[in-house]
There are 2 protein chains.
Amino acid sequence: MNVALEALTAELAPQFGERWITNPSRLETFAYAEGHHAKLIPALVVQPETTEEVCILMAATHRHGVPVVALGAGTSLEGNASPVELGLTVDFSRMDRVLEVSAEDMLCVVQPGVTRVALNTELRTTGLFFPLDPGANATIGGMIATRASGTNAVRYGTMRETVLALKVVLPDGTLIQTGSRARKSAAGYDLTHLFTGSEGTLGLVVEATLRLHGIPEHVLAGSFTFDTIEGAVSTVINTIQLGVAVARMELLDPAAIRACNVYSHLDLPELPTLFIELHGSEAIIEDQRATIEAIGRDLGGRDFAMSTDADERNRLFRARHDALPAARASRPGAVVWSTDVCVPISRLTDAIAGAHAAIEEAGLTAPIVGHVGDGNFHVLFVLDPAKPEEWERAGRVNDSLVNHALSVDGTCTGEHGIGLGKRQALVREHGDAAVDLMRTIKRAIDPDGRLNPGKVFELTPATAKDDHG
Amino acid sequence: MNVALEALTAELAPQFGERWITNPSRLETFAYAEGHHAKLIPALVVQPETTEEVCILMAATHRHGVPVVALGAGTSLEGNASPVELGLTVDFSRMDRVLEVSAEDMLCVVQPGVTRVALNTELRTTGLFFPLDPGANATIGGMIATRASGTNAVRYGTMRETVLALKVVLPDGTLIQTGSRARKSAAGYDLTHLFTGSEGTLGLVVEATLRLHGIPEHVLAGSFTFDTIEGAVSTVINTIQLGVAVARMELLDPAAIRACNVYSHLDLPELPTLFIELHGSEAIIEDQRATIEAIGRDLGGRDFAMSTDADERNRLFRARHDALPAARASRPGAVVWSTDVCVPISRLTDAIAGAHAAIEEAGLTAPIVGHVGDGNFHVLFVLDPAKPEEWERAGRVNDSLVNHALSVDGTCTGEHGIGLGKRQALVREHGDAAVDLMRTIKRAIDPDGRLNPGKVFELTPATAKDDHG
């Protein structure tokens, strides 16, 4: 702790009691970092329970000049919630309530600490669900911060399309609300989208209104194998061009299938495999299935197997569900570093071919899984944490993936965010002038640079440095 | 002209030649104002042809301290492009090219001056279309500025969901790019959405990348009459809750049908009428039609008539297409003032009932049309321009509509924007703190307040004043 943190503690510890955490062994439990970045221990953690408490915290940190990092489930992959400066970590785990569900308007109002799984559990009896499913059981606040998505964004959109309204506490403790419950609005600057994806650098989200969707009447799921990535990707492109509203279209490459065969004791052909899920009435999904099957067979697809039965669907999707743990288990003690580029879908075959070549050249083990309906794919580097030289090779492959994505007007991150790891890539993607505009906005809203310092971009351009470890 | 405009003219007139307009009779032709606001004549108009020229213009106006208003087709309804200060109007009519169409990625890159109709004409041979259809033939730049939509936003989204990337010239002449061609991205602050809907107050859009959609294989369209607004709205709510992806769901109230019967020589029952359009394969639209018909009949719907034949579809939709001209023609010499609230759909019946009561109490003629799938509806006040007292009554009804919308967490504008007319409503909707944050962002990006001055909010809160005339 430094002087500012001590002064803050003197002022607020009595009010927060057990929820004001300074004990080193308790603090250690907050050194979250699901990804490959260094696990940092916060200097101080507080667990607010109300919006009012968050306002009090922000006003006090403003007066004392203390940096603030918001923390959800700690499952982000680019060090997005890492406490790189001495400051206060605001853990939202006690603000985890679903405040309201409006079935008629198909929306809910939640606190930021609720996880996506807990939210869906609460929604179970309403006929509605929250579709977005990043790999981990992230909190809604964290998903807003990184503009997260998952496997069914191709149908239901990302957090960008899901967040209708926010309550946000600004760096000086002012509470604002953005958006409304209307499905569309032309009223003023789109502050909702400014905060969504800003990774906690502009304000702390204390309440969110989210769009929900009706639980589909029927679900049809299954898989389709191809001899080439191109056949699989072309099937996706043609399906989307025909306007077929698929719920999921996921690709596993042969290395991913191989890892899953071992991990889940399966016997799948080790070929590029599309996992497809359809939602709707019986007539609609049958029509969609027939369209996709015809397209896929024309493009060399085989072993087409789909089912509406829940157990059978789970069996068919098993490899997709297990892709990440299977990759991790394929090498004892390994850490997985997941990359995250997203390209226009016409360039996806090239992008994946380039990735395969780079992985092979680097001599790495790295299955590929992709949300191919969006053009988004992840290379899962399976790395030995004790071999820095392996990490360097992976870093070079990652750079080449990002550079290729940017060369075809794609993005350096489809859903993981910038955090610490992609700050240079952000500049390469948007250019100095656009990142300078982001800095201008940041300085206007958070003049002291206290909110999640060091993330997304450095306030002083010259010091920006990507951090792969 | 003042000194600054004269200095600007001395510097730039030679370069722009005929495209630098100072002649009063030519300037008069730019006093656009489709809506009910005062028609103001710009002091100076320029017609750039390239992005480079826009950069030059912005850098020069920055040096000379000259206000700048961007102008598209001039069809906005809230005085959004009105030149309220002595300054330069940048007319984008010569930047109207479609720069690229990528059929595989289902997107296009356009200059801001292309109109939505011209864009669709160019797309005709590609199998793709740009769905958004505000009432007028607006330019894409104007639609970005006001976050516009139209009748099929319920399926295809608004400009918010349509703009993938922008090139924007900042107030000092710096060119930036936002977004990419990727369908999703978590890379940094969402500048695309910040500019979309900012009504030209933060920068001038010089290029936009837009999502397109496949022309539907089949289109089924028709109408359904109800004894009550509630029956019609409940049909919409239930349809959406079942996840039926309707392309259009439009409501006309009895007064609107009456005006259309006169104007278009129709003989429709003067009852609340839903106009429905479905897009998709034959099997899908038949399934959707059956679902909607069953829901509607349960809720008292009658005279259900739908067709896939283009002529017959046009006949069935005639009243919807003609609603605005029919309202205008219902009273010789009248001007139509279109309101624009949007409410959560569960509150739509109440909102329309409240509007009917207020219209009747005020003794006004005012048909109602609604994009009811979005909860967005327009009261079309048919007013005598020579009777200010009528306008005052309409203003009071409009205020009551806005206040009701805000009381149920809706918005004061679904698609027309704030402009001059809804600046007070913006504050009522978002609160002082959120509008102050908008001001903070505005000042950071445009410190001299030169871009579209007076629109969305006044930079100095105390002087804000709504202007209904």
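Computed from a predicted structure; not experimentally measured.

A. Summary view of the overall build of chain A. A count of helices and strands for chain A gives 16 helices and 19 strands. The C-alpha atoms of chain A give 22 Å as radius of gyration, which agrees with the globular expectation for 469 residues (23 Å, within 12%). Over its C-alpha atoms, taken along the principal directions, chain A stretches across nearly 70 × 55 × 45 Å. Across the 469 residues that make up chain A, the buried fraction comes to 62%. Summarising the internal contacts of chain A: among those between residues at least 6 apart in sequence, 71% fall at separations of at least 24. Total accessible area on chain A stands at roughly 16,500 Å², and carbon and sulfur atoms take up 50% of it. Side-chain charges of chain A comprise 40 positive and 60 negative groups, with the mean position of each set lying 2 Å from the other.

B. Region of the structure containing the pairing of strand S12 (residues 218-225) of chain A. Residue and element names in this part refer to chain A. With respect to burial, S12 is a largely interior element, seven of its eight residues being buried. Of the strand pairs in this sheet, S12 and strand S14 (residues 273-280) are connected by eight bridges, and their pairing is antiparallel. Looking across to S14, one finds that Val 219 is bridged to His 279. Taken together, the four bridges between S12 and strand S15 (residues 302-307) define a ladder with antiparallel strand orientation. In the sheet register, Gly 222 faces S15, and the bridge partner there is Met 306.

C. View of the relation of the copies chain B and chain A. Turning chain B through 180° and shifting it by 0.0 Å along the axis lays it on chain A, with an RMSD of 0.0 Å. With respect to symmetry, the two chain copies, as superposed, fit the operation of a two-fold axis. Minimal C-alpha distance to the rotation axis in chain B is attained by B:Ile284, lying at 2.7 Å. Comparing interface residues between copies, 99% of those in chain B also lie at the interface in chain A; the contact surface is shared.

D. Highlighting the sheet that holds strand S3 (residues 68-71) of chain A. All names here are of chain A. Read from one edge of the open sheet, four strands run S1-S2-S4-S3, paired in mixed fashion. If you trace the sheet from one side to the other, it starts and ends with strand S1 (20-21) and S3, each paired once. The pairing of S3 with strand S4 (residues 88-91) spans four bridges and is parallel. Bridge assignment links Val 68 to a residue of S4, and that residue is Leu 88.

E. Highlighting the packing of helix H1 (residues 3-16) of chain A against helix H3 (residues 51-64) of chain A. Residues and elements named next belong to chain A. Orientation of H1 relative to H3, taken along the N-to-C sense of each, is 155°, at an axis distance of 9 Å. Classified by the angle their axes make, H1 and H3 are roughly antiparallel. Crossing of H1 against H3: the hand is right-handed. Residues Ala 4, Ala 7, Leu 8, Glu 11, Leu 12, Gln 15 and Phe 16 of H1 lie in contact with H3, whose contacting residues are Glu 53, Ile 56, Leu 57, Ala 60, Thr 61, Arg 63 and His 64. Looking at the contact of H1 with H3, its residues break down into eight nonpolar, three polar and three charged.

F. Quick look at helix H11 (residues 282-298) of chain A. The end-to-end C-alpha distance of H11(A), which contains 17 residues, comes to 24 Å, matching closely the 24 Å that a straight helix rising 1.5 Å per residue would cover. Taken together, the buried positions of H11(A) are A:Ile284, A:Ile285, A:Asp287, A:Gln288, A:Arg289, A:Ile292, A:Glu293, A:Ile295 and A:Gly296. In this structure, the buried residues of H11(A) make contact with S12, helix H9 (229-241), S14 and S15 of chain A together with helix H11 (282-298) of chain B. Backbone geometry just after H11(A) places A:Gly300 at a positive phi near 90°.

G. Main features of the environment of A:Cys342. Along the chain, A:Cys342 turns up in strand S17 (residues 341-342). Taking the relative accessible area as the measure of exposure, A:Cys342 reaches 0% and is therefore buried. It is 6.8 Å that separates the C-alpha atoms of A:Cys342 and A:Ala405, two residues lying 63 residues apart in sequence. When sequence neighbours within four positions are dropped, the list of residues in contact with A:Cys342 reads A:Asp374, A:Gly375, A:Asn376, A:Ala405, A:Gly410, A:Thr411, A:Gly414, B:Ala182, B:Arg183 and B:Lys184.

H. Representation of the UniProt feature "domain: FAD-binding PCMH-type" (unreviewed entry) in chain A. In this structure's numbering, the residues bearing the UniProt feature "domain: FAD-binding PCMH-type" (unreviewed entry) are residues 38-215 of chain A. The straight-line gap between the two end C-alpha atoms of residues 38-215 of chain A is 39 Å; of that span, 24% is helix and 25% is strand.

I. Inspection of H3(A) at higher detail. Residues and elements named next belong to chain A. For H3, spanning 14 residues, the distance from its first C-alpha to its last is 20 Å, which sits close to the expected 20 Å at 1.5 Å a residue. For H3, the set of buried residues is Thr 51, Glu 53, Val 54, Cys 55, Leu 57, Met 58, Ala 60 and Thr 61. With its phi angle positive at about 65°, Gly 65 sits one or two positions after the end of H3.

What counts, and at which threshold
Residues numbered from 1 in each chain as written. Chains lettered and ligands numbered in written order. Predicted model: local features only at pLDDT ≥ 70, side-chain atom pairs only at ≥ 80, totals over all residues. Heavy atoms only, no water. Helix = DSSP H or I, 4+ residues; strand = E, 2+ residues; numbered from the N terminus. Rg over C-alpha atoms; globule rule 2.2 N^0.38 Å. Buried < 20%, exposed > 50% of the residue type's maximum accessible area, 1.4 Å probe, protein only. Contact = heavy atoms within 4.5 Å. Areas by Shrake-Rupley, 256 points an atom, 1.4 Å probe, with all protein chains shown as cover. Lys, Arg positive; Asp, Glu negative; His and termini not counted. Charge placed at Lys NZ, Arg CZ, Asp CG, Glu CD. Pairing = 2+ DSSP bridges. Least-squares fit on C-alpha atoms with pLDDT ≥ 70 in both. Axes fitted to C-alpha atoms, helices over the stretch in contact; angles between N-to-C directions. Parallel < 35°, antiparallel > 145°, perpendicular 65-115°, else oblique. Left-handed = near helix turned anticlockwise from the far one by under 90°. Nonpolar A, V, L, I, M, F, W, Y, C, P; charged D, E, K, R; others polar. Expected span 1.5 Å × (residues − 1). UniProt positions renumbered as here; feature names shortened; annotations may be inferred.

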